[in-house]
Amino acid sequence: MKRLFAVALGVLTAIGGFLDIGDLVTNAVVGSRFGWSLAWVVVVGVVGICLFAQMAGRVAAVSGRATFELVRERMGPRLGLANLAASFLINLLTLTAEVGGIALALQLASSVHYLLWVPVAALAVWLVIWRVGFDLMENVTGLVGLLLVGFAVAFFLLGPDWTQLTDQLLQRAPHGESPATYWFYAVALFGAALTPYEVFFFSSGAVEEGWSSEDLAQSRLNVLVGFPLGGLLSLTIAGCAALTLMPLGVEVTTLSQVVLPVAEAGGRVLLIAIILGVVAATFGAALETTLSTGYTLAQFFGWSWGKFRAPAEAASFHITMIVCLLVGVAVLATGVDPVMVTEISVVFSAVALPLTYLPILIVANDPDYLGDQVNPRLLNIAGQAYFVLILVASVAAIPLMIVTGVGR
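Here the residue numbering is sequential within each chain, running from 1 through the sequence in written order. Owing to the predicted nature of the model, reporting of local features is limited to residues with pLDDT of at least 70; listing and counting of side-chain atom pairs is limited to 80 or more, with chain, interface and lining totals taken over all residues. The side-chain figures draw on all heavy atoms in the structure; neither hydrogens nor water molecules are used.

Caption draft 1: Region of the structure containing the overall build of the protein chain. Secondary structure is summarised from DSSP: a helix means a run of H or I of at least four residues, a strand means a run of E of at least two, and numbering begins at the N terminus for each. Counting its regular elements, the protein chain contains 18 helices and 0 strands. Here the C-alpha radius of gyration of the protein chain, 20 Å, is about what a compact globule of 408 residues would show, namely 22 Å. The buried share of the protein chain, taken over its 408 residues, is 59%. Contacts are residue-level and defined by heavy atoms, with any inter-residue pair within 4.5 Å sufficient. Taking contacts inside the protein chain between residues at least 6 apart in sequence as the whole, the part at least 24 apart equals 84%. Both charge centroids of the protein chain, one from 16 positive and one from 24 negative side chains, sit 5 Å from each other. Atoms considered for the radius of gyration are the C-alpha atoms alone. The globule rule reads 2.2 Å times the number of residues to the power 0.38. Only protein chains enter the area calculation, which uses a 1.4 Å probe; residues under 20% of their type maximum are buried, those over 50% are exposed, and those in between are partly exposed. Neither His nor the chain termini are counted; the positive set is Lys and Arg, and the negative set is Asp and Glu. For this purpose, a charge sits on NZ of Lys, CZ of Arg, CG of Asp or CD of Glu.

Caption draft 2: Looking closely at the environment of Thr342. Inspection of the secondary structure puts Thr342 in helix α16 (residues 338-363). Residues Thr342 and Leu287, spaced 55 residues apart in sequence, show a C-alpha to C-alpha distance of 16 Å. When residues no more than four places from it in sequence are discounted, the contact partners of Thr342 are Ile21, Gly22 and Ala97.

Caption draft 3: Spotlight on a nonpolar patch on the surface. Two distance rules govern patches: like charges are joined within 9 Å, and nonpolar side chains (Val, Leu, Ile, Met, Phe, Trp, Tyr) within 5 Å, applied only to residues with over 30% relative accessible area and no salt bridge. Residue burial considers only the protein chains on display, and all accessible areas are found by Shrake-Rupley using a 1.4 Å probe. Salt bridge, as used here: a side-chain nitrogen of Lys or Arg that lies within 4 Å of a carboxyl oxygen of Asp or Glu. On the surface, a nonpolar cluster with roughly 490 Å² of combined accessible area is contributed by Leu136, Val140, Val144, Leu147, Ile272 and Leu276. Among the elements that line the nonpolar patch, the one with the most residues is helix α7 (residues 134-145), at 3 residues.

Caption draft 4: Fine view of unusual backbone geometry. Of note, the phi angle at Ser111 is positive, near 70 degrees, even though the residue is not glycine. With respect to the helices and strands, Ser111 occurs in the loop between α5 (67-110) and α6 (114-131). Exposure remark for Ser111: the relative accessible area of 68% places this residue in the exposed category.

Caption draft 5: Just the environment of Ser212, in detail. Within the secondary structure, Ser212 is located in the loop between α11 (196-208) and α12 (216-244). Taking the C-alpha atoms as reference, Ser212 lies 27 Å from Ala286; in sequence the two are 74 residues apart.

Caption draft 6: Main features of the nonpolar core. Take the buried residues of types Ala, Val, Leu, Ile, Met, Phe, Trp, Tyr and Cys, join any two whose side-chain atoms come within 4.5 Å, and each joined set is a nonpolar core. Grouped together as the largest cluster of nonpolar side chains are 130 residues, with contacts concentrated most on Leu38 and Phe151. The dominant element in this core, judged by the number of residues it contributes, is α5, at 15 residues. Not counting residues up to four positions away in its chain, the partners in contact with Phe151 are Leu24, Thr236, Ile237, Cys240, Val258, Val262 and Ile274.

Caption draft 7: Here's a closer look at the packing of aromatic side chains. Under the pairing criterion, centres of Phe, Tyr and Trp rings, with the six-membered ring standing for Trp, must be within 6.5 Å; the plane angle then separates stacked pairs below 30 degrees from edge-to-face pairs above 60, leaving the rest tilted. For the structure shown, the criterion picks out 17 aromatic pairs. These aromatic residues form a ring-pair network of at least three members: Phe34, Trp40, Tyr182, Trp183, Phe184 and Tyr185. Between the NZ or CZ atom of Arg131 and the centre of the ring of Trp130, over which it lies, the distance is 5.3 Å. When the NZ atom of lysine or the CZ atom of arginine is within 6 Å of a ring's centre and also within 35 degrees of its normal, the charge is said to sit over that ring.

Caption draft 8: Structural context of α5. The terminal C-alpha atoms of α5, which comprises 44 residues, lie only 39 Å apart, well short of the 64 Å expected from a rise of 1.5 Å per residue. Along α5, the sharpest change in direction is near 130 degrees and occurs at Gly76; proline Pro77 comes one to four residues later. Within two residues after α5, Ser111 carries a phi angle of roughly 70 degrees, on the positive side. What a helix is expected to span follows from its residue count: subtract one and scale by 1.5 Å. One axis fitted to the seven residues ending at a residue, another fitted to the seven starting there: the angle between these axes is the bend at that residue.

Caption draft 9: Spotlight on the pattern of salt bridges. Scanning the model with the defined rule gives 1 salt bridge in all. Across the pair Glu251 and Arg33 runs a salt bridge whose closest N-O atoms are separated by 3.3 Å. Taken together, the residues span a long stretch of sequence, with Glu251 in the loop between α12 and α13 (255-258) and Arg33 in helix α3 (residues 21-34) at a distance of 218 residues. With a relative accessible area of 34%, Glu251 lands in the partly exposed category.

Caption draft 10: Representation of the packing of helix α10 (residues 179-193) against helix α18 (residues 377-404). For helices, the fitted line uses only the C-alpha atoms of the stretch in contact; every axis is such a line through C-alpha atoms, and the angle between N-to-C directions lies from 0 to 180 degrees. Two numbers describe how α10 lies on α18: the axes approach to 9 Å, and their chain directions differ by 130 degrees. One finds that α10 runs oblique with respect to α18. For the crossing formed where α10 meets α18, the hand is left-handed. Side by side, α10 and α18 meet where Ala180, Thr181, Trp183, Phe184, Val187 and Phe190 of the first sit next to Tyr386, Leu389, Ile390, Ala393, Ala397, Leu400, Met401, Val403 and Thr404 of the second. Classification convention: Asp, Glu, Lys, Arg as charged; Ala, Val, Leu, Ile, Met, Phe, Trp, Tyr, Cys, Pro as nonpolar; all other residues, Gly among them, as polar. Partitioned by chemical class, the residues of the contact of α10 with α18 number 13 nonpolar, 2 polar and no charged. Geometric relationships in this document are graded by angle, where less than 35 degrees denotes roughly parallel, more than 145 denotes roughly antiparallel, 65 to 115 denotes roughly perpendicular, and other angles denote oblique. A crossing counts as left-handed when the near helix is turned anticlockwise from the far one by less than a right angle, and as right-handed when that turn is clockwise.

Caption draft 11: Representation of the environment of Tyr357 within the structure. By the secondary structure assignment, Tyr357 is in helix α16. Separated by 78 residues in sequence, Tyr357 and Val279 place their C-alpha atoms 30 Å apart. Aside from chain neighbours lying at most four places away, what touches Tyr357 is Phe52, Met55, Gly383, Tyr386, Phe387 and Ile390.

Encoded structure:
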């Protein structure tokens, strides 16, 4: 049982990272428009986030240092500050979308307009961060989020035509979709899989839980269980949309359309389970992004930080999170679409990703920090190859967003 709960941090990170409101909708949009032709991007993204998180977790466990402490040291004050600004703004943008995502999920469950749920969602996030222990938070949210396995159940109940799905895997943009739109969604899916806040939360959580060199096996277990699980569920979400919505020419634009295939395949019981899973997943993502806003600033500026510390002991850390939640609520109160906010945020995540990935890659090869736990040769080659891929995605993201009108 102890081993089971040891993977909870990885599960929570995966559920909150791969299956937040933007990923739920984006995977369904991709499935309804492109079928499984972009499934390869999810696989590439899973391998990339496993490399990234494995290095970040090992650095945190061996050195006892979280991501932004290292960013400040290894990149210097100017470049480090630019990295901080970009990462913080992306975190804030994503946090806004996640609070909106909770509200949208609660609207599905209650038929009450999502704007009325926004302040409730933000208050609930803060109460959990303030009053609930780290272990309980990650265990409950991660395990309830596993109800999203219902998408996999629905996928198989729909009776997939494996020949058709394989044909989609081997083709590029379907008829009617431009190559630019195809590659825009490829970059968006890649950015969503490697969203920086996932690693901020994962490495900071490792420090919060007091990991050491003795916990490296647990770190690898978290990574190798949590992130592939999130990627697998992402593929089934796209698959459900490809099987039911694509043949009808229905393009997903709302969260309610995402769960339509589930209702068709499994009826009310499975639909209820999925809605509970969506609430848990978006809530977990909101917890991660809220904590990450505090982690980034506190670690960079050397403030006292940590969920285990009372607000009086880490005032700046806690105030940062409160202010960011209030900003998110204020933005959502304008009526902006939280789904669109998240789709934009994953694109900008791809833009900023090299600045966060590079310091971790450098430190993971530095014996002054890690001693004999530096990257082995094969892992280092893979890490460098992914850095090149990340740079390409970063350069291409904004031009593709402009050319395609955010994929429209």
